[in-house]
Amino acid sequence: GVHACAHDLQPLLHLYVGLLADHLAKSPSDLVCLPQLWQALGVSALTAAPSTRARSLHAALPPDAAAALSLVGSVAAALAPPTGSASARLMLWRQLCKCEALSLSARVLSDVGALDPSPENAAALATVTNMLLFYVFERPGGVDAAQQLLDAGCVRALSVLLPKYQAAAGEPLRLLAVTVAGCH
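To keep things clear, this report deals only with the structure shown in the data block. (Residues numbered from 1 in each chain as written. Predicted model: local features only at pLDDT ≥ 70, side-chain atom pairs only at ≥ 80, totals over all residues. Heavy atoms only, no water.)

**Quick look at the overall build of the protein**
Okay, so step 1: Within the protein, the regular secondary structure consists of 11 helices and 0 strands.
Okay, so step 2: Put simply, the protein runs from its N terminus to its C terminus through helices and strands in the order α-α-α-α-α-α-α-α-α-α-α.
Okay, so step 3: The buried share of the protein, taken over its 184 residues, is 43%.
Okay, so step 4: In the protein, 77% of the contacts between residues at least 6 apart in sequence involve partners at least 24 apart.
Okay, so step 5: When the accessible surface of the protein is split by element, carbon and sulfur atoms take 61% of a total near 8,700 Å². (Helix = DSSP H or I, 4+ residues; strand = E, 2+ residues; numbered from the N terminus. Buried < 20%, exposed > 50% of the residue type's maximum accessible area, 1.4 Å probe, protein only. Contact = heavy atoms within 4.5 Å. Areas by Shrake-Rupley, 256 points an atom, 1.4 Å probe, with all protein chains shown as cover.)

Below, the structure is given as structure tokens:
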């Protein structure tokens, strides 16, 4: 990742993500801190850094990005119906817009598409795909999420990924592709 010790700190980051996700699910008003958390994890630097392909030929999702996206996935799962409220899911969706969630997603999808299929890259793809599914399904009325994904470069990356990772990534990847195509 961007941070020098990110790989060494990965177990601690995952523990922190779990605790933080539990807290945010119980106190959705604290979701306003999500952009600052992503900034602290270095997500802005990840989207601006040279391609992951130049940094690693094995892992498309650096630990800092994995922590950021896992946090979103954990909170989104905790806020899913019937236990989570629609207003809390909308708050999470709005915070994703303030973060660089689509830019990071497009970056990771593009990097995964350039790598050979592996369990690690399929896991990275699943993490990003689930976050994008949340983004598309929870969008408020009048928001053209498919156009936003197209503008961010996610759709172009999905067109490369679908034939390459169809078996490894499974249903969430196909669902995202069909959903985005159906939104346009």
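**What to know about the environment of Trp-93**
Okay, so step 1: Along the chain, Trp-93 turns up in helix α6 (residues 86-98).
Okay, so step 2: Note: C-alpha distance between Trp-93 and Val-72 (21 residues apart in sequence) is 9.6 Å.
Okay, so step 3: Non-local contacts of Trp-93, meaning those with residues more than four positions away in its chain, are made with Phe-134, Tyr-135, Glu-138, Arg-139, Pro-140, Val-143 and Gln-148.
Okay, so step 4: In this structure the side chain of Trp-93 is engaged in a polar contact, spanning 2.7 Å, whose partner is the backbone oxygen of Tyr-135. (Polar contact = N/O pair within 3.5 Å; in protein donor to acceptor, adjacent residues only side chain to side chain.)

**With respect to a nonpolar patch on the surface**
Okay, so step 1: A contiguous nonpolar patch, built from Leu-12, Leu-15 and Leu-19 and spanning about 320 Å² of accessible area, is present on the exposed surface.
Okay, so step 2: Among the secondary structure elements, Leu-19 is positioned in helix α1 (residues 10-26). (Patch = residues over 30% accessible without salt bridge, like charges linked within 9 Å, V, L, I, M, F, W, Y side chains within 5 Å. Salt bridge = Lys/Arg side-chain N within 4 Å of Asp/Glu carboxyl O.)

**Considerations on the pattern of salt bridges**
Okay, so step 1: Applying the stated rule across the entire model yields 3 salt bridges.
Okay, so step 2: Between Glu-138 and Arg-89 there is a salt bridge, and its shortest N-O distance comes to 3.3 Å. Remark: Arg-89 occurs in helix α6 and Glu-138 occurs in the loop between α8 (119-137) and α9 (145-152); sequence separation between them is 49 residues.
Okay, so step 3: A residue is classified by how much of its surface remains accessible, and Glu-138, at 23% relative accessible area, is partly exposed.
Okay, so step 4: Accessibility expressed as a relative area gives 9% for Arg-89, which makes it buried.
Okay, so step 5: Between Arg-107 and Asp-111 there is a salt bridge, with the nearest N and O atoms lying 3.3 Å from each other. Linking Arg-107 with Asp-111, this pair stays in helix α7 (residues 101-114), spanning 4 residues, or about one helical turn.

**Topic: unusual backbone geometry**
Okay, so step 1: Of note, the bond from Pro-81 into Pro-82 is cis; its omega dihedral lies within 30 degrees of zero at 5°.
Okay, so step 2: In this fold, Pro-82 is placed in the loop between α5 (63-78) and α6.

**Structural notes on the state of the cysteines**
Okay, so step 1: Per the stated rule, a full pass over the model turns up 0 disulfides.
Okay, so step 2: Cys-99 carries a free sulfur, and the closest cysteine sulfur to it, the one in Cys-97, is 9.1 Å from it. (Disulfide = S-S within 2.5 Å.)

Purely spatial values, then, with no claim about function.
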